[in-house]
Structures are given as C-alpha cells and as structure tokens.
Amino acid sequence: MLLAIEQGNTNTLFAVHDGETWIAQWRAATDPSRTADEYAVWLSQLLNMAGLQFGALDAAIISSVVPQSIFNLRNLARRYLHVEPLVIGENADLGIEVRIHKPSEAGADRLVNAIGAHIVYSGDLIVIDSGTATTLDVVAADGGLEGCAIAPGINLSMEALHTAAAKLPRIAIQRPGHVIGKDTVESMQAGVFWGYIALIEGLVARIKAEWGKPMTVIGTGGVASLFHGATNAIDHFDPDLTIRGLLEIHRRNTAART
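Just so we're clear, the structure is a prediction, and the values are computed from it rather than from any experiment. (Residues numbered from 1 in each chain as written. Predicted model: local features only at pLDDT ≥ 70, side-chain atom pairs only at ≥ 80, totals over all residues. Heavy atoms only, no water.)

Draft legend 1. Main features of the layout of surface pockets. In this structure, the largest pocket spans a volume of roughly 880 Å³. Looking at the largest pocket, it is lined by 37 residues, and the ones nearest its centre are D129, S130, G131, G221 and G222. Listing elements by their share of the lining of the largest pocket, those giving two or more residues are β2 (11-17), β3 (22-29), α3 (108-118), β6 (124-130), β7 (133-139), α4 (154-164), β9 (215-220) and α6 (241-257). Of the residues belonging to the lining of the largest pocket, the class tally is 10 nonpolar, 19 polar and eight charged. Estimated volume of the second largest pocket: approximately 180 Å³. Lining the second largest pocket are L136, V138, E146, G147, C148, A149, R206, I207, E210 and W211. Within the lining of the second largest pocket, the residues separate by chemical class into six nonpolar, one polar and three charged. (1 Å grid on protein atoms, 1.4 Å probe; cavity = no way out; pocket = protein on both sides within 12 Å on 5 of 7 lines; lining within 4 Å. Points joined across faces, edges and corners; volume = space filled by probe spheres on them. Helix = DSSP H or I, 4+ residues; strand = E, 2+ residues; numbered from the N terminus. Nonpolar A, V, L, I, M, F, W, Y, C, P; charged D, E, K, R; others polar.)

Draft legend 2. Representation of the packing of helix α1 (residues 36-49) against helix α2 (residues 67-81) within the structure. Relative orientation of the contacting elements α1 and α2 amounts to 65 degrees, with a least axis distance of 8 Å. Seen along the crossing, α1 lies across α2 with a hand that is right-handed. Residues A36, D37, Y39, A40 and L43 of α1 form the contact with α2, whose own contacting residues are N72, L73, N75, L76, R79 and Y80. By residue class, the composition of the contact of α1 with α2 is seven nonpolar, two polar and two charged. (Axes fitted to C-alpha atoms, helices over the stretch in contact; angles between N-to-C directions. Left-handed = near helix turned anticlockwise from the far one by under 90°. Contact = heavy atoms within 4.5 Å.)

Draft legend 3. Representation of the side chain of D137 in the model. Among the secondary structure elements, D137 is positioned in strand β7. At a separation of 2.9 Å, a polar atom in the side chain of D137 contacts the side chain of R110. In contact with D137, other than residues within four places in its own chain, are R110, L125, I126, V127, L145, G147 and C148. (Polar contact = N/O pair within 3.5 Å; in protein donor to acceptor, adjacent residues only side chain to side chain.)

Draft legend 4. The arrangement of α3 in detail. Of all 11 residues making up α3, 10 are buried, and the element is well covered by its neighbours. If you follow the buried residues of α3, they end up packed against β4 (59-64), β6, β7, β8 (145-152), β9 and α6. (Buried < 20%, exposed > 50% of the residue type's maximum accessible area, 1.4 Å probe, protein only.)

Draft legend 5. Representation of the sheet that holds β7 in the model. Strand order across the open sheet formed by five strands is β8-β7-β6-β9-β10, with mixed pairing between neighbours. Every interior strand has two partners, whereas the edge strands, β8 and β10 (236-237), have only one. Bridging between β6 and β7 involves six bridges; their strand directions are antiparallel. Across the sheet, residue S130 finds its bridge partner in β7, namely T134. (Pairing = 2+ DSSP bridges.)

Draft legend 6. Looking closely at the pairing of β8. With seven bridges connecting them, β7 and β8 associate as antiparallel partners. Bridge pairing links L136 to A149 in β8. Taking the residues between adjacent antiparallel strands as the criterion, β7 and β8 are bridged by five residues, where G143 takes a positive phi near 95 degrees.

What follows is the structure, given as structure tokens:
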C-alpha cells in the first residue's frame, strides 16, 4: 500500500493507493516548519478515520517544490512507515528525458505532471498547472519535457493587487458573468479572471505556433476547475494528473528493482 505525498507551495496532498485504486486523499496547508512527528499525529488520525493505520503502508513517494520540507517528509516515511521513500529529484528514476538547459531546475511537480499526462494522452502536449504559479509545460510525444512558460498564479496576482493598492479589497476568485464590472469587486474579478483566460489562450496559441505541430492541452492544479467551460484553449481538465504521475513513477521504480 502506497503513501503518495505531493507538496506544493500552498497545499500538501497525502494520498493512499491500495494497488488497485486511490482509497483516501487528504490536504493540509504547506508549512515548511512542520516536523515529521507533527505530520504523523495529523496523518494517524485521518488514517484511523478511514479504517487504516501506518502499519498497512509499505511504500512512500514524495514530490515537493519546498526543499526545506523534504527532510521532515522523508523522516515521516522512515520513522512511521519504516520505508525509504522515493523522492522526486533525488533517488527516483523518472524514465523521461528533461530537455531543458539545466534539468535540475525543473520542479518536481512539473516532472510528475509530464509523466501523468504522457501515460494517458497521446501526441505532443501542453500541460497547464494552475496553482501558486501557472505553468505551461511542453511534453513531447515520447514523454520528454521540452520546456515551459511560467506566470504568477491567479490567487497570487489577486493577493498582490490587494497588497499593493490600498483601496482594493481582498476578495475571492470567481468567474464573473461579464467583463465590464459595475463596482470594485466585480471589476477586480473580471480583470483577474478574464485576464487569466486571455493569458492562457495567448500562451497556448503562441506555444502551438512555435512548436509547429498539433498539440493537446491538459489543465490541472488547484484552481484549474475555475477555467472549466470558460475557454476552448484547454482540451481536457484532469485533476488527478499529479497523483497518477506519482503512482507511475513508483511502479517504474518498483519494477526496476525486481
């Protein structure tokens, strides 16, 4: 039974796979100072509520874009699962080529997403991950990671707008019914939401033009559902891309060891 941990800058996902399906998933706010013991107390209660226990978990895989957290997440696996975890970017063989100038700079989340997309969708791909940052990764038909465009995430932009402009309030992101707002809140929602739709559409069009071949576009990430139905630039919305990629990496590495 596998414990998969996918840590972004904002949230951390813990998911359990029993060899056939994902049987439990939980999210926590990402906190780089949280110790292995603190993770264990929190996770043990959730496992218990799901009718599980640490003793049932016999493998772990970790993907994190927060380097200072990896030590404690690794210790969680070692101390409470009694296993040596696979860590993306360290001891996990991904089985794909990273064709950027400095492969070590590719974030763990981008690598995992590339694999999660490649095993389901054929041909050349654009993988849009909407989280703290908005990333548009180009994945070749053979699964290789070719490059990326990175922009601030929609929530980050909204927070920056509130922080930098004294009269603009902090508001929730939602899809407005029109582009021309009639008050401050509507205007902010329209500008940020439809501005991000335009950003996605513009970057997708430019990437496709530069690539010169047909591409399938997949949307994933914490806020990707906001864009569902708002643009034709995204062909598929796939919230399970990352954990699917983690499961595939675990399987590849397990097979290589046997």
